[in-house]
Amino acid sequence: MMDEVERVLSLLDYTLDSRTKRHIAGGILLSMSMFFTGLALTVMTIRNEE
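About the thresholds
- Residues numbered from 1 in each chain as written.
- Predicted model: local features only at pLDDT ≥ 70, side-chain atom pairs only at ≥ 80, totals over all residues.
- Heavy atoms only, no water.
- Helix = DSSP H or I, 4+ residues; strand = E, 2+ residues; numbered from the N terminus.
- Rg over C-alpha atoms; globule rule 2.2 N^0.38 Å.
- Buried < 20%, exposed > 50% of the residue type's maximum accessible area, 1.4 Å probe, protein only.
- Areas by Shrake-Rupley, 256 points an atom, 1.4 Å probe, with all protein chains shown as cover.
- Lys, Arg positive; Asp, Glu negative; His and termini not counted.
- Charge placed at Lys NZ, Arg CZ, Asp CG, Glu CD.
- Salt bridge = Lys/Arg side-chain N within 4 Å of Asp/Glu carboxyl O.
- Phe/Tyr/Trp six-rings, centres within 6.5 Å; stacked < 30°, edge-to-face > 60°.
- Contact = heavy atoms within 4.5 Å.
- Expected span 1.5 Å × (residues − 1).

Once that is clear, we can look at the overall build of the protein chain. What the protein chain contains, in helices and strands, is two helices and zero strands. The C-alpha radius of gyration computed for the protein chain amounts to 18 Å, which surpasses the reference 10 Å derived for 50 residues by more than 25%, pointing to a less compact arrangement than a globule. Summarising its shape, the C-alpha atoms of the protein chain cover approximately 55 × 30 × 5 Å along the three principal directions. Evaluated residue by residue, the protein chain yields a buried proportion of 0% over its 50 residues. As displayed, the protein chain offers around 5200 Å² of accessible surface, 64% of which is attributable to carbon and sulfur atoms. Counting 5 positive and 7 negative side-chain charges, the protein chain places the centres of these two groups 11 Å from one another.

Spelled out as structure tokens, the structure:
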């Protein structure tokens, strides 16, 4: 289990080794976060029409 975690962290460290790559990854994560927040709010505010 710990070997897998270490392997994933090593891969992330290698993948995000430059400032530009980290900036792009951060933008993607922020966009996904806002998308899922909007989706959750939409689902919570839908009214049942019974």
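Before going further, it helps to spend a moment on the pattern of salt bridges. Counted according to the given criterion, the structure contains one salt bridge. In this structure, D17 and K21 form a salt bridge, with 3.4 Å as the shortest nitrogen-oxygen distance.

To continue, consider the packing of aromatic side chains. Using the criterion set out here, one finds one aromatic pair in the structure. Arranged with centres 5.1 Å apart and planes meeting at 70°, the rings of F35 and F36 form a pair that is edge-to-face. With a relative accessible area of 52%, F35 lands in the exposed category. Residue F36 is classed as partly exposed on the basis of its relative accessible area of 48%.

The next point concerns the environment of R22. Position of R22 relative to the elements: it lies in helix α2 (residues 19-45). Sequence separation between R22 and L12 is 10 residues, and the spatial gap between their C-alpha atoms is 10.0 Å. Residues in contact with R22, not counting those within four places in the same chain, are L16 and D17.

Moving on: helix α1 (residues 2-15). Given 3.6 residues to a turn, an α-helix orients residues that are three or four positions apart in the same direction. End to end, α1 covers 20 Å across 14 residues, agreeing with the expected 20 Å (1.5 Å per residue, within 8%). In terms of residue burial, α1 counts as a barely covered element, since only zero of its 14 residues are buried.

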